[in-house]
Amino acid sequence: MNDASVQATASDAASCKLSASRLGYWIDPFASMFSSFHRKMPLINRGYYARVRSIELLLHRFLGTNSNAKQVIVLGAGQDTMFFRLKTMHPELLKDTLYVEMDFPMITKSKVRLCRRHKAVAECIGEVETNEIEMKAQGYALAAADLRELSTVQEKLTWAGIDPTIPTLVLSECVLCYMEPEYSQPLIDWFGSAFTDCAIIVYEQIRPHDAFGQTMVENISLRGCDLKSIHAYPEPEDQHKRFAASGFGHVECWDMNRVYYEYLPLDERRQKEHLELFDELEEYHMLQGHYCLVVAVKNATSLYMSALELYQSKDD
Ligand SMILES: C[S@@+](CC[C@H](N)C(=O)[O-])C[C@H]1O[C@@H](n2cnc3c(N)ncnc32)[C@H](O)[C@@H]1O
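Here we summarise the structure given alongside this text. (Residues numbered from 1 in each chain as written. Predicted model: local features only at pLDDT ≥ 70, side-chain atom pairs only at ≥ 80, totals over all residues. Heavy atoms only, no water.)

A closer look at the packing of aromatic side chains
Applying the stated criterion across every chain yields a total of 16 aromatic pairs. Taking the centre distance of 5.1 Å and the plane angle of 50° together, the rings of phenylalanine 83 and tyrosine 99 count as tilted. Taken as a pair, phenylalanine 83 in helix H3 (residues 82-89) and tyrosine 99 in strand E2 (residues 97-103) lie far apart in primary sequence, 16 residues in all. The pair formed by phenylalanine 83 and tyrosine 99 is uniform in burial state, with each residue classed as buried. Seen from their ring centres, tryptophan 190 and phenylalanine 195 are 5.2 Å apart, and the 90° between their planes marks the pair as edge-to-face. By relative accessible area, which is 17% here, tryptophan 190 ends up buried. An aromatic cluster of three or more residues is present, and its members are Tyr25, Tyr49, Tyr260, Tyr261, Phe278 and Tyr284. Here arginine 22 stacks its cationic end above the ring of phenylalanine 37, 4.6 Å away from the centre of that ring. Its guanidinium or amino end placed over the ring of tyrosine 233, arginine 242 lies 4.0 Å from that ring's centre, counting from NZ or CZ. (Phe/Tyr/Trp six-rings, centres within 6.5 Å; stacked < 30°, edge-to-face > 60°. Helix = DSSP H or I, 4+ residues; strand = E, 2+ residues; numbered from the N terminus. Buried < 20%, exposed > 50% of the residue type's maximum accessible area, 1.4 Å probe, protein only. Lys NZ or Arg CZ within 6 Å of the ring centre and 35° of its normal.)

In structure tokens:
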């Protein structure tokens, strides 16, 4: 495995997020602090809109439930700015929440540096205990770990203050797909067994077998970062089985066309569709059909049922 190429995807994602947010797909005052601006194709901007907003809406729903303490664990967080946006724009949602980001030391090191460099981010984090590669503050931690090493992940989450008895949401946005199932499955199994109340949101590529899927897998592979688990979980039904096998009793897996047309709020989506000239609809549908959003929920508690209900709610 070429870890350097996988780590480079953190900057790609940050750059795409900056492009889409700069064009008005969502508001992110922090994106430019973690990347430099290169305008992406409308197809990419719209895809990132669907990705970021759907995950954000789920996260808001989880944080907005009236249980007391909550935890969010972001696997392979890269240069993502969701925490900083929440902290400044929706601080009430982070009350009693511990938000932990994890990534390779190489990536957390650059995030620590950027967090120190930008006053707005440093203010957002507040008083912090930090070294070159990690940070710990009230309600937030950035931890360095290779997610393939379960014992290190467990140790770092303990260091960050994670308590398995507290309701926890785990997020993997284009991360687990870069790991072989022999590494990702024990991690998912552990969340499913050790955590009392746990939900996992996964966004990643699917359908490698048709012509578009084959080209997608080849193109990503040419960049040196194979999609190591796509052949183990090629279809939405396989994603379903993957999480059900780890003790997640309620699993939804939708492709991103379904998420875009049936889940994102209609008025908002229509408004975003006017942001750029768009003549790539067919290609967009093809692309979005090869990405999915999984919501896997361990218990049918009211907290987690509300996350699942989000799929039925079109007007959050
Ligand atoms: C495509 S980027 C996504 C970053 C972020 N989730 C986002 O959407 O902006 C994938 C991230 O997963 C991280 N990653 C992949 N495999 C990992 C592993 N074994 N251990 C730690 N981080 C990993 C990479 O370093 C990278 O930051």
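Comments concerning the layout of surface pockets
In this structure, the largest pocket occupies an estimated 1,100 Å³ of space. Surrounding the largest pocket, 48 residues form its lining, Tyr48, Cys174, Tyr178, Gln205 and Tyr291 being those nearest its centre. Listing elements by their share of the lining of the largest pocket, those giving two or more residues are helix H1 (3-22), helix H2 (42-64), strand E1 (70-75), strand E6 (168-173), strand E7 (198-205), helix H8 (211-222) and helix H12 (281-288). By residue number, the principal contributor to the lining of the largest pocket is H1, which donates nine residues. Here the lining of the largest pocket is built from residues that sort into 28 nonpolar, ten polar and ten charged. Taken as a whole, the second largest pocket encloses approximately 180 Å³ of empty space. (1 Å grid on protein atoms, 1.4 Å probe; cavity = no way out; pocket = protein on both sides within 12 Å on 5 of 7 lines; lining within 4 Å. Points joined across faces, edges and corners; volume = space filled by probe spheres on them. Nonpolar A, V, L, I, M, F, W, Y, C, P; charged D, E, K, R; others polar.)

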